[in-house]
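Summary of the model geometry
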Amino acid sequence: MGRVRSLGAAVILLGGMSAILAGCATGPDPEVARRAQTAMVGMPKADLLACAGVPDRQAMASGREYYTYVARPTAAYSPGSSIGIGAGSFGGSGGVGLGLGFGVPVGGTTAAGCEATVVVGPRGTVEQVSYPAGASLSACTPIVSNCMAPRG
């Protein structure tokens with residue numbers, strides 16, 4: 001009976017730890033980048049520069065200013081870390097154990113980057129925020145996140 005109770009506790013512990021770790025694995029919220037395309041329209045140029053910073057590139061055409069901000073791709077390595085719980089009986093005595101393991105990084109993947117172009121019109125306010133077709137909005141979120149009010 002004690003062994004069953006210990007195994008149940010181990011399963012509950014593993015489930016809780018999995019939920020906590022899953023929460024840590026999320027990246028930037030793509031919804032922030034999507035909302036920025038409408039929420040930033042009308043923002044004064046001074047506010048844009050204050051929240052987004054100096055653009056990586058800028059150009060002027062037809063009385064409009066084009067500011068391009070770049071979120072560079074990052075190399076992400078998966079070290080293969082894991083958490084495990086074991087239960088067993090060796091030689092008549094039972095027990096439950098918890099272990100944490102770390103692997104050695106041997107390769108990596110490159111997370112996509114993003115370029116956001118912000119158009120400032122003749123009135124000195126943002127007219128448009130755009131991203132390249134097919135861009136990962138999660139990769140674009142860091143560019144605009146400082147300009148977005150927290151959702152409440």
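Residues numbered from 1 in each chain as written. Predicted model: local features only at pLDDT ≥ 70, side-chain atom pairs only at ≥ 80, totals over all residues. Heavy atoms only, no water.

Per an unreviewed UniProt entry, the protein chain goes by Lipoprotein SmpA/OmlA domain-containing protein and derives from Azospirillum humicireducens.

**Looking at the environment of Cys 147**
For Cys 147, the position within the fold is in the segment after helix 4 (137–144). Note on Cys 147: relative accessible area 12%, which makes it buried. Taking the C-alpha atoms as reference points, Cys 147 and Asp 47, 100 residues apart in sequence, are found 8.2 Å from one another. Residues within four places of Cys 147 in sequence aside, it is in contact with Met 40, Met 43, Leu 48, Cys 51 and Ala 52. (Helix = DSSP H or I, 4+ residues; strand = E, 2+ residues; numbered from the N terminus. Buried < 20%, exposed > 50% of the residue type's maximum accessible area, 1.4 Å probe, protein only. Contact = heavy atoms within 4.5 Å.)

**Overview of the state of the cysteines**
Inspection of the entire model under this criterion finds 2 disulfides. The residue that forms a disulfide with Cys 51 is Cys 147, at a sulfur-sulfur distance of 1.9 Å. With the S-S bond torsion at 95 degrees, the cross-link from Cys 51 to Cys 147 turns out right-handed. With Cys 51 in helix 3 (residues 45–52) and Cys 147 in the segment after helix 4, the pair connects residues that are 96 residues apart, well separated along the chain. For the protein chain, the disulfide bridges join cysteines in the arrangement 1-4, 2-3, where the cysteines are counted in sequence order. (Disulfide = S-S within 2.5 Å.)

**Description of the nonpolar core**
Grouped together as the largest cluster of nonpolar side chains are 24 residues, with contacts concentrated most on Met 40, Met 43, Leu 48, Tyr 131, Ile 143 and Val 144. Elements represented by at least two residues in this core include exactly helix 2 (30–39), helix 3, strand 2 (64–71), strand 7 (114–120), strand 8 (126–130) and helix 4. Per element, the largest residue contribution to this core is 5 residues, and it comes from helix 4. (Core = buried A, V, L, I, M, F, W, Y, C linked by side-chain atoms within 4.5 Å.)

**Some details on the side chain of Thr 68**
Note on placement: Thr 68 falls in strand 2. When near neighbours in sequence (up to four residues on either side) are disregarded, Thr 68 contacts Pro 55, Asp 56, Arg 57, Glu 115, Ala 116 and Thr 117.

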